[in-house]
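# Descriptive analysis of the structure
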Amino acid sequence: MPEFQVYLKNNERLITKWFHQVSNPRSKVYGSHREISVIDEAIVERARRFFSMGEGTFVRTTLFKDVLLVNTSFKELIKRGLPKYVQSIDDDPHFHATLEEYQKTLNHNSVQILPKLPPIRADLKRRLNLECMIEGLKGRSMIASNDSIWAEMPAVTVVAESPKTVFSSTFSRKDYAPYQNYFVNVYLWDPEIRTPLKSRQFSRFGRASPDLTIKKIDDFAQLVTSLNQKRAIKGAKPLGFLNYFLYQNPQAFKRVSGQEAEYPESPTFWSANIGLGKLDFEHLEKCANRLLSPPLPLWKWAWVNFLTLFKIKHF
């Protein structure tokens, strides 16, 4: 009997909105980590009853409350029509292996290095990204290598361990990764970049990665863990989702030439092969310490970034 994954309509919109506010140092609620229910339990129960009524149908729960497994024929699945609370149905062959690997890495640490997973479909990608947002709302930093499926996901900080660039066809920058939209657009609008990219096929409006360059992702994880420990001593909450903080402090990165570059290089704040660039550990720590104080006004932040870009172009 075929097995289908039934994705129920959940609180993704509410979770996304709160996630972006809590993660943005310029927000009044920055660092206000909390848990939000992914779905109303009543909807899950209604869905279980609905699918259990099918002839020869078997329903099971999964690691995700809003995703059910239904063993039945496709004909039986759609015979009565699908209720409005069903978002989508898929039969991803890697569903079980993906959840198993993901579950193995779950812990209560403030920094989580995500495992490399087999190729998966868009529905599962969106659900895993939502799960990373949920973890971010708990104050955890989800990080992954650019050589993995996580490289597409906007709720993950993607570290370049190898020269690989990803423009997601599943997640748009404007809707899912506003923290990088300006930086990536500047790169793509650069006349020296735009011309050679005209013949290249890629998702120009998709979430772009990497976010930064470092030799070993473990080194980055240790740095963030250390910053969180120092913040805890001073009574501050963990950094949580990192990308707003990182993109608001591009001066904490050094622009370096990428090896075996896939895309043209640019002196802009973000470049396709290196992201924001090579991390300056000491500078990033200073930026993190400033988060203990009220964030800079927008005009001051813009002035700092202008001076940084001026230095880059006239170095």
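Check the entry above for the structure.
These numbers were taken from a predicted model, which means no experiment stands behind them.

Along the backbone of the protein chain there are 12 helices and 12 strands. A globule of 315 residues ought to have a C-alpha radius of gyration of about 20 Å, and the protein chain, at 21 Å, matches this closely. Taken along the three principal axes of its C-alpha coordinates, the protein chain extends 70 × 50 × 30 Å. Residue pairs at least 24 apart in sequence account for 73% of intrachain contacts in the protein chain once pairs closer than 6 positions are excluded. As displayed, the protein chain has an accessible area near 15,900 Å², and 54% of this comes from carbon and sulfur atoms. Across the protein chain, the centroid of the 45 positively charged side chains sits 7 Å from that of the 32 negatively charged ones.

The complete set of buried residues in helix α4 (residues 95-105) reads Phe95, Thr98, Leu99, Tyr102 and Thr105. Each buried residue of α4 lies within a common arc of 125° when the element is viewed along its axis, so the set occupies one face.

In this section: the sheet that holds strand β2 (residues 58-61). Within a sheet, each strand pairs with its neighbour through backbone hydrogen bonds, oriented either parallel or antiparallel. Strand order in this open sheet of 4 strands is β2-β3-β1-β4, and the pairing throughout is antiparallel. Lying at the two open borders of the sheet, with one neighbouring strand each, are β2 and β4 (86-90). Going across the sheet, the axis of each strand differs from the next one's by a mean of 25°, ignoring polarity. Pairing analysis gives 5 bridges linking strand β1 (residues 3-8) to strand β3 (residues 67-71), with the strands arranged antiparallel. Paired with Phe4 across the two strands is Val70, which belongs to β3.

For the rest of this paragraph, the subject is the pairing of strand β7 (residues 157-160). Neither face of β7 is left uncovered, since the one carrying Thr157 and Val159 and the one carrying Val158 and Ala160 both have all their residues buried. The sheet contact formed by strand β6 (residues 141-145) and β7 spans 3 bridges and is parallel. Bridge pairing in β7 links Ser145 to Val159. Bridging between β7 and strand β10 (residues 212-213) involves 2 bridges; their strand directions are parallel. When the bridges of β10 are listed, Val159 appears paired with Leu212.

This paragraph deals with the pattern of salt bridges. Tallied over the entire structure, the rule returns 16 salt bridges. We note a salt bridge from Lys116 to Asp147, for which the minimum N-O separation is 3.8 Å. Of the two residues, Lys116 is situated in the loop between β5 (111-113) and α5 (122-137) and Asp147 in the loop between β6 and β7; the sequence distance between them amounts to 31 residues. Taking relative accessible area as the criterion, Lys116 reaches 54% and is therefore assigned exposed.

Cut-offs used in this document
- Residues numbered from 1 in each chain as written.
- Predicted model: local features only at pLDDT ≥ 70, side-chain atom pairs only at ≥ 80, totals over all residues.
- Heavy atoms only, no water.
- Helix = DSSP H or I, 4+ residues; strand = E, 2+ residues; numbered from the N terminus.
- Rg over C-alpha atoms; globule rule 2.2 N^0.38 Å.
- Contact = heavy atoms within 4.5 Å.
- Areas by Shrake-Rupley, 256 points an atom, 1.4 Å probe, with all protein chains shown as cover.
- Lys, Arg positive; Asp, Glu negative; His and termini not counted.
- Charge placed at Lys NZ, Arg CZ, Asp CG, Glu CD.
- Buried < 20%, exposed > 50% of the residue type's maximum accessible area, 1.4 Å probe, protein only.
- Arc of directions from axis to C-beta.
- Pairing = 2+ DSSP bridges.
- Axes fitted to C-alpha atoms, helices over the stretch in contact; angles between N-to-C directions.
- Salt bridge = Lys/Arg side-chain N within 4 Å of Asp/Glu carboxyl O.

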